[in-house]
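Structural description and commentary
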Amino acid sequence: MKIAIHGRNFVDLATPFIQSMFDELARRQIEVQLSEIYRSFLDSAGIAHHSTSTYTSYLDIFDANFAFSLGGDGTLLEVLTHAGPRGIPIVGINIGRLGFLTTISPENPESIPRLLQALSIGDFRLDERTLVNLQSDEDLFDGVPFGLNDVTITKTETSSMITVHTYLNGEFLNSYWADGLIISTATGSTGYSLSCGGPLLLPHDRNFIVTPISPHNLNVRPMVVPDSAQLSFEVESRSNTFLVSVDSRFRTVTIGTRLSVRKENFVAKLVKMSDDSFLNTLRNKLSWGWDIRN
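Since this is a predicted model, take the numbers as computed values, not measurements.

1. Digging into the environment of His50
Assignment of secondary structure puts His50 in the loop between helix H2 (36-44) and strand S3 (53-55). For the pair formed by His50 and Gly87, sequence separation is 37 residues and the distance between their alpha carbons is 26 Å. Apart from residues no more than four positions distant in its own chain, His50 is found in contact with Gln19, Phe22, Asp23 and Ala26. A polar atom in the side chain of His50 sits 3.2 Å from the side chain of Asp23. A distance of 3.3 Å separates the side chain of His50 from the backbone oxygen of Ala48, its partner in a polar contact.

Laid out in structure tokens, this is it:
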């Protein structure tokens, strides 16, 4: 088995778990390739990772069977940019905070041996998630224009609200006078879109959500459209610039830049264990039913 591993810097409390994971990988003689930045974190923490192979982008990642993400949901989104174009299944290990996507918990000391055993015998399922793709006049995101959660168009920090003229399959939809606009996947419905009043969708719903951010017209509401649609945008801003983000990556864009959003041609492959349930995750992460009457 070959496993590529990426993570972010971590607190001291996570060190014993991370060391035990690498010891178990070495014991099972699993070939490991680390992202260059994560290797520097491990070296600084004094963790023996038993690996000399590293990668810096999806172009030089080896032919891994799985890509491990050690952190929160933000870390998994970074791993997606490495593994997604190669179709490598992603295993999310939650040593972050909320963890809608990274559902494997390190709280049980046997979690890693059980995980590796399940991966070795195929006792898991692949959860395929739709990705969103941003097209523009220029390469804004260094050849990685896709995301799992959302594409957002927002004002810069110092500017007044912007106007986003929006078209659905070439037909005029609306001009949003707002702080911005979110185009969310079904997976991303639990993220930024939710905090702006967007609806929750099940992860495999074939829809996008168009959610305005602080709209000037209060009768403007989030809208659900098929993910087979293409959305295009023209932006007006007094500052002559605005921000575009794909998941956690963002760029400053000048007025006049043409933007469009559609479904990506490939999917994200998330590894899920047999007892993993999205509805259980919703209840736990959103604290549904946490009331003294229950």
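2. A look at the nonpolar core
Membership of the largest hydrophobic core comes to 28 residues, with the highest contact counts inside it found for Ile5, Ile18, Phe22, Phe68 and Ile93. Going through the elements one at a time, strand S1 (2-7), helix H1 (15-27), strand S2 (31-35), H2, strand S4 (66-71), strand S5 (90-94) and helix H4 (111-121) are the ones with two or more residues in this core. In contact with Ile5, other than residues within four places in its own chain, are Met21, Phe22, Leu25, Val32, Gln33, Leu34, Ser35, Tyr38, Tyr55, Phe68 and Leu70. Counting residues in each nonpolar core, the second largest holds 24 residues, with Leu140, Ile162, Phe242 and Val246 among its members.

3. A word on unusual backbone geometry
A positive phi angle, close to 50 degrees, is found at Asp142, a residue other than glycine. With phi around 50 degrees, Asn169 is a residue other than glycine that occupies positive phi space. Turning to its location among the elements, Asn169 is positioned in the loop between strand S10 (162-168) and strand S11 (171-178).

4. A look at the domain arrangement of the protein
Domain annotation of the protein identifies domain 1 (2-124 + 273-286) and domain 2 (132-265). Here the C-alpha centre of domain 2 lies 30 Å away from the C-alpha centre of domain 1. Taken together, the twelve residues of domain 1 in the interface contact 15 residues of domain 2. Here domain 1 packs against domain 2, burying approximately 1,000 Å² in sum over the two surfaces, 83% of which is carbon and sulfur. Interface area lost by domain 1 to domain 2 is led by Leu77, Thr81 and Phe278, which between them contribute 42%. For the side of domain 1 that touches domain 2, the secondary structure elements donating two or more residues are helix H3 (73-83) and helix H6 (278-285). The element contributing the most residues to the side of domain 1 that touches domain 2 is H3, with four residues. Its residues assigned to classes, the side of domain 1 that touches domain 2 comprises eleven nonpolar, one polar and no charged.

5. Some points on the pattern of salt bridges
All chains considered together, the criterion is met by ten salt bridges. Of the charged contacts in the structure, one is a salt bridge between Glu24 and Arg27, with a shortest N-O distance of 2.8 Å. One end of the pair, Glu24, and the other, Arg27, are both in helix H1, three residues apart, so they sit about a helical turn from each other. The residue Arg251 makes a salt bridge to Asp142 at a minimum N-O spacing of 3.3 Å. With Arg251 in strand S17 (residues 249-254) and Asp142 in the loop between strand S7 (132-136) and strand S8 (146-147), this residue pair connects regions lying 109 residues apart in the sequence. A residue is classified by how much of its surface remains accessible, and Arg251, at 29% relative accessible area, is partly exposed. Asp142 gets classed as exposed once you look at its relative accessible area, which sits at 60%. Salt bridges sharing partners connect three or more residues here, namely Glu24, Arg27 and Arg28.

6. Quick look at the sheet that holds S10
Pairing in this open sheet of six strands is antiparallel, and the strands run S8-S7-S18-S15-S10-S11 from one edge to the other. Two strands in the sheet have a free side with no partner beyond their single neighbour: S8 and S11. Here S10 pairs with strand S15 (residues 231-236) via six bridges, running antiparallel. Residue Val164 lies in a different strand from S15, and its bridge partner there is Val235.

7. Describing the UniProt feature "active site" (unreviewed entry) in the protein
As recorded in UniProt, the sites labelled "active site" (unreviewed entry) are Asp73. Position of Asp73 among the secondary structure elements: in helix H3. Asp73 sits in the buried class, given a relative accessible area of 18%.

8. So, the UniProt feature "binding site: NAD(+)" (unreviewed entry) in the protein
When the UniProt feature table is mapped to this numbering, "binding site: NAD(+)" (unreviewed entry) covers Asp73, Gly74, Asn149, Asp150, Asp179, Thr190, Gly191, Tyr192, Ser193, Leu194 and Ser195. The named residues occupy 123 residues along the chain; their greatest pairwise C-alpha distance, 24.7 Å, places them well apart from one another. Tracing the sequence through the fold places Ser193 in helix H5 (residues 192-195). With a relative accessible area of 0%, Ser193 lands in the buried category.

9. Points about the pairing of S2
Taken across its five residues, S2 has four buried, putting it largely inside the fold. Across four bridges, S1 lies against S2 in parallel orientation. Within the sheet, the bridge partner assigned to Ala4 lies in S2 and is Gln33. Taking the sense of rotation as the criterion, the β-α-β connection linking S1, H1 and S2 turns out right-handed. Relative to S3, S2 is paired through three bridges, and the arrangement is parallel. Residue Ser35 lies in a different strand from S3, and its bridge partner there is Tyr55. Taken together, S2, H2 and S3 form a β-α-β motif whose crossover is right-handed.

Thresholds applied
- Residues numbered from 1 in each chain as written.
- Predicted model: local features only at pLDDT ≥ 70, side-chain atom pairs only at ≥ 80, totals over all residues.
- Heavy atoms only, no water.
- Helix = DSSP H or I, 4+ residues; strand = E, 2+ residues; numbered from the N terminus.
- Contact = heavy atoms within 4.5 Å.
- Polar contact = N/O pair within 3.5 Å; in protein donor to acceptor, adjacent residues only side chain to side chain.
- Core = buried A, V, L, I, M, F, W, Y, C linked by side-chain atoms within 4.5 Å.
- Buried < 20%, exposed > 50% of the residue type's maximum accessible area, 1.4 Å probe, protein only.
- Domains from an automatic or database assignment.
- Buried area = accessible area lost by both parts, 1.4 Å probe.
- Nonpolar A, V, L, I, M, F, W, Y, C, P; charged D, E, K, R; others polar.
- Salt bridge = Lys/Arg side-chain N within 4 Å of Asp/Glu carboxyl O.
- Pairing = 2+ DSSP bridges.
- UniProt positions renumbered as here; feature names shortened; annotations may be inferred.
- Right-handed = clockwise from strand over helix to strand, strands pointing away.

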